[in-house]
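Coordinates in review
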Amino acid sequence: MKFLLFLFYLLLPLRIIYATDYGTVFMYHRFEESNHPSTNISEKVFREHLAYLKENNFNVLPVSRLIDFFNGISSLPEKSVFITIDDGYRSFYNIALPILLEFEFPFSIFISTDYVSDDPNSNFMSWDMLREIKNYGGSIHNHVSDHSNLNNLSKDKIVLKIKEAEEAMKKNLGLNSLIFSYPYGTSNIQNENIVKDLGFKLAFGQQSSHIFKNENIFRLPRFSFNEEFGDIERFKMIANSQPLKVFDITPKNTRFEKNNFRLGFSTNENIKNINCYSGDLSLTLTKILPSRIEVKFNEEPKKGINRINCTSQKDGKLLWYGRILVN
């Protein structure tokens, strides 16, 4: 017994040293479908991503681990990453699944159940394929029945489409999903509250950012990879970056407020080192000491989704915060 206690106390400091308060979620859609470059990645590049994670001792974890993380039940080990796939395209089954099984990495798929198909000419997986994935240990979650943009629907329609997907998954896979993904990665406070009230524990968007404590757990970020933004060097940069932790974010919702094209946040990092970008749009940053950043668009943002990314450097590490705002 004394030896066991000695061993426990010997190992305890290691657990503390290697615990962290953030993780990184990666997102993919299609594989080897070059006619859809905005959502596609090649087999070669996907394999490079996974090989880099394996060779550099990243901890690839199931997304369900984040439920305990946000509930304060457990921390995350250093270099924690998560692999997610949206929409349930058949190319995942044919191309990506064998590679994930080869590397023995956990993964999660978010499916829109109306598109599940037995037609061999369909771009989407069948229920038999999804059952096989479940048997391999892959986790399958709710992406609404018809891939509707929830920001455009009434509360009743949102509830209906989420419940339709849940019922189809229960009937065909015996699953009750606790984790949700918004089609197109867009949400707002209203539909985030609906998702919460329906019993989900977490929900994902598509803004490029790391996950850290005190996040809105019903608007969690992910880094998306495709033909333009998926090469191995960018992947390495993201995998080795860390969160730029922010608070007091405005606007709180996901839309610009009353044609006021601004983003604001506070941070405990050195604001002198922070820069923000939004594609080709011109921005003006106002840095209010000691901790406030105000970002103003110098021209009207494009209609629809606008992505804003803010970065900094600390101790040789890239810090990253991303946000989606809709005009």
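First, a word on scope: everything that follows refers to the structure included in this document. The structure displayed is predicted, hence computed values, not measured ones. (Residues numbered from 1 in each chain as written. Predicted model: local features only at pLDDT ≥ 70, side-chain atom pairs only at ≥ 80, totals over all residues. Heavy atoms only, no water.)

1. Considering the overall build of the protein chain
Across its full length, the protein chain holds eight helices and 21 strands. Relative to the 2.2 N^0.38 estimate, which gives 20 Å for 327 residues, the radius of gyration of the protein chain is 20 Å and therefore close to what a compact globule would have. Dimensions of the protein chain, computed from the C-alpha atoms along their principal axes, are close to 65 × 60 × 40 Å. In the protein chain, buried positions account for 52% of the 327 residues. Excluding contacts between residues fewer than 6 apart, the proportion of contacts in the protein chain whose partners are at least 24 apart in sequence is 62%. Of the roughly 16,000 Å² that the protein chain leaves accessible, carbon and sulfur atoms contribute 51%. On the protein chain, the mean spot of the 39 positive side-chain charges and the mean spot of the 37 negative ones are 7 Å from each other. (Helix = DSSP H or I, 4+ residues; strand = E, 2+ residues; numbered from the N terminus. Rg over C-alpha atoms; globule rule 2.2 N^0.38 Å. Buried < 20%, exposed > 50% of the residue type's maximum accessible area, 1.4 Å probe, protein only. Contact = heavy atoms within 4.5 Å. Areas by Shrake-Rupley, 256 points an atom, 1.4 Å probe, with all protein chains shown as cover. Lys, Arg positive; Asp, Glu negative; His and termini not counted. Charge placed at Lys NZ, Arg CZ, Asp CG, Glu CD.)

2. Some remarks on the sheet that holds strand β15 (residues 246-250)
In spatial order, the strands read β15-β16-β19-β18; together these four strands make up an open sheet with antiparallel pairing. The strands lining the two open edges of the sheet, one partner per strand, are β15 and β18 (283-288). When the angles between neighbouring strand axes are averaged without regard to direction, this sheet yields 20 degrees. With three bridges connecting them, β15 and strand β16 (residues 262-267) associate as antiparallel partners. Residue pairing for β16: Thr250 is matched across the bridge by Gly264. (Pairing = 2+ DSSP bridges. Axes fitted to C-alpha atoms, helices over the stretch in contact; angles between N-to-C directions.)

3. Some details on the packing of helix α5 (residues 127-135) against helix α6 (residues 155-173)
Two elements in contact, α5 and α6, have axes whose closest approach is 10 Å; the angle formed by their N-to-C orientations is 75 degrees. It follows from the interaxial angle that α5 and α6 lie roughly perpendicular. Facing Trp127, Leu130, Arg131 and Lys134 of α5, the residues of α6 in contact are Ala168, Met169, Asn172 and Leu173. Class assignment of the residues belonging to the contact of α5 with α6 gives a composition of five nonpolar, one polar and two charged. (Parallel < 35°, antiparallel > 145°, perpendicular 65-115°, else oblique. Nonpolar A, V, L, I, M, F, W, Y, C, P; charged D, E, K, R; others polar.)

4. Some points on helix α4 (residues 90-103)
Taking 1.5 Å as the rise per residue, α4 with 14 residues should run 20 Å; its terminal C-alpha atoms sit 20 Å apart, in good agreement. The sharpest bend along α4 reaches about 45 degrees and sits at Ala96, with the proline Pro98 one to four residues further on. The buried fraction of α4 amounts to ten of the 14 residues, a majority that puts the element mostly inside the structure. On its buried face, α4 is in contact with β3 (30-31), α2 (43-55), β7 (80-87), β8 (108-111) and α5. (Expected span 1.5 Å × (residues − 1). Bend = angle between axes of the 7 residues up to and from the residue.)

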